[in-house]
Amino acid sequence: MLTWGIINQSPVSDYTTILREKSSETSKLNDNLYTEIQEKAKQYEIPPQNAVIDRVWKAIPGYNGLKVNIEASYRNMKKGGVFDERKLVYEQVPPTVHLDDLPPEAIYRGHPEKPMVAFLINVAWGEEYIPKMLAILKKHHVRATFFLEGRWVKNHPDMAKMIVDAGQEIGNHSYSHPDLKTMDNESIRRELEKTNEIIEATTGVTCKWFAPPSGSYRDDVVKIAYDLRMRTIMWSIDTIDWQKPSPSVIVKRVTSKLHPGAMILMHPTFSTAEALESLITTIQPTYEIGNVSMLLDEKRIVKK
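Residues numbered from 1 in each chain as written. Predicted model: local features only at pLDDT ≥ 70, side-chain atom pairs only at ≥ 80, totals over all residues. Heavy atoms only, no water.

Q: If you had to explain the overall build of the protein chain to someone new, which residues and values would you point to?
A: Of regular secondary structure, the protein chain possesses 12 helices and 12 strands. Burial statistics for the protein chain: of 304 residues in total, 46% are counted as buried. Working note: accessible area of the protein chain is about 16,000 Å², and carbon and sulfur atoms make up 51% of it. (Helix = DSSP H or I, 4+ residues; strand = E, 2+ residues; numbered from the N terminus. Buried < 20%, exposed > 50% of the residue type's maximum accessible area, 1.4 Å probe, protein only. Areas by Shrake-Rupley, 256 points an atom, 1.4 Å probe, with all protein chains shown as cover.)

Structure below.
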């Protein structure tokens, strides 16, 4: 008992702990598997990519890189005793320049290497088709971003709440759907502020994304949205659903132009409501479908 008490008293206890840790560390360093993981780790690593302003696509978000967690990978392979790349454990490495670091510019797409697309649903009419669209999105566990016109929210507060309660993201689509490109700056600001106010009062949501009506904007519009803590969102694929094409035309129109990081513009129309399920099931085997926040997030999607 006396011996046990002496050994387990500090600093003797601390010293034995250090010896055990050093012994374990030495054992790993002498293990061929550990050495092999260390040597091969670099070839599996992917550098992060910074957010940039592109000449064509304007603001493009960054994308996390990957590096091998050597300790965790070793523990994962130790039982088998052999190197197995399927058992490598990765850590995400963030870029040094983020979307928030960029000056105000419109965003037309996500990162070109991210295997995800986003649905953008601009709402100024078509409320009769929204419940069906929400049901389909829920069925397939898809989150989209609904850009709401302020005047529409005022007239349909329960529908706006329904969209939020369904777990969908909300953005600003101006108050009265004007051509912002032709308006003076004070009027532009009033359109955006009024919409933010009514959306927050109705749903409790603070908008961080703004979609210009009809995609019409000039630099001042983007800067005013930025001053109101919103980034301006455009699109890279247009369903042109307001022309009331057949559902099959919408599906073909989207899938023929599909690409990583795509932002897909649609509206609550009969054609889109009928095409939505087919569109989702066609896209999902290749790409994840998310809302704008998910698409522009730097987190790398790692296929297992």
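Q: Can you lay out the packing of aromatic side chains for me, pointing to particular residues and giving the numbers?
A: What the rule picks out here adds up to 3 aromatic pairs. Plain terms: the ring middles of Tyr34 and Tyr74 are 5.1 Å apart, the flat faces sit at 85° to each other, and that makes the pair edge-to-face. A residue pair is termed long-range when its members are at least 10 positions apart, and Tyr34 in helix H3 (residues 32-44) and Tyr74 in helix H4 (residues 70-78) qualify at 40 residues. Look at Tyr129 and Phe270: their rings are 6.3 Å apart centre to centre, the planes differ by 65°, and that puts the pair in the edge-to-face class. Here Phe270 lies in helix H11 (residues 270-283) and Tyr129 lies in the loop between strand E5 (116-123) and helix H5 (130-139), a separation of 141 residues in the sequence. Over the aromatic face of Trp57 sits the side chain of Arg109, whose NZ or CZ is 5.2 Å from the ring centroid. Against the face of Tyr175 rests Lys194, its NZ or CZ located 4.2 Å from the ring centre. (Phe/Tyr/Trp six-rings, centres within 6.5 Å; stacked < 30°, edge-to-face > 60°. Lys NZ or Arg CZ within 6 Å of the ring centre and 35° of its normal.)

Q: A description of the pattern of salt bridges should follow, citing residues and the corresponding values.
A: What the rule picks out here adds up to 9 salt bridges. The residue Glu45 makes a salt bridge to Lys42 at a minimum N-O spacing of 3.7 Å. The salt bridge involving Lys132 is made with Glu274; its shortest N-O contact spans 2.5 Å. In this pair, Lys132 sits in helix H5 while Glu274 sits in helix H11, placing the two residues 142 residues apart along the sequence. (Salt bridge = Lys/Arg side-chain N within 4 Å of Asp/Glu carboxyl O.)

Q: Describe the layout of surface pockets, with residues and values.
A: Here the largest pocket defines a volume of roughly 240 Å³. Every residue lining the largest pocket is listed: Leu99, Asp100, Lys208, Trp209, Tyr226, Arg229, Met230, Arg231, Ser293, Leu296 and Asp297. For the lining of the largest pocket, the per-class residue count stands at 5 nonpolar, 1 polar and 5 charged. (1 Å grid on protein atoms, 1.4 Å probe; cavity = no way out; pocket = protein on both sides within 12 Å on 5 of 7 lines; lining within 4 Å. Points joined across faces, edges and corners; volume = space filled by probe spheres on them. Nonpolar A, V, L, I, M, F, W, Y, C, P; charged D, E, K, R; others polar.)

Q: Quick rundown of empty space enclosed by the protein? Include the residues and the values.
A: If a probe as big as a water molecule is rolled over the atoms, it shows which places are left empty. Per the stated rule, a full pass over the model turns up 1 cavity of 30 Å³ or more. The computed volume of the largest cavity comes to approximately 30 Å³. Around the largest cavity, the lining residues are Leu120, Asn122, Phe147, Ala211, Ile233, Met234, Trp235 and Leu265. Class assignment of the residues belonging to the lining of the largest cavity gives a composition of 7 nonpolar, 1 polar and no charged.

In short, geometric facts, not functional conclusions.
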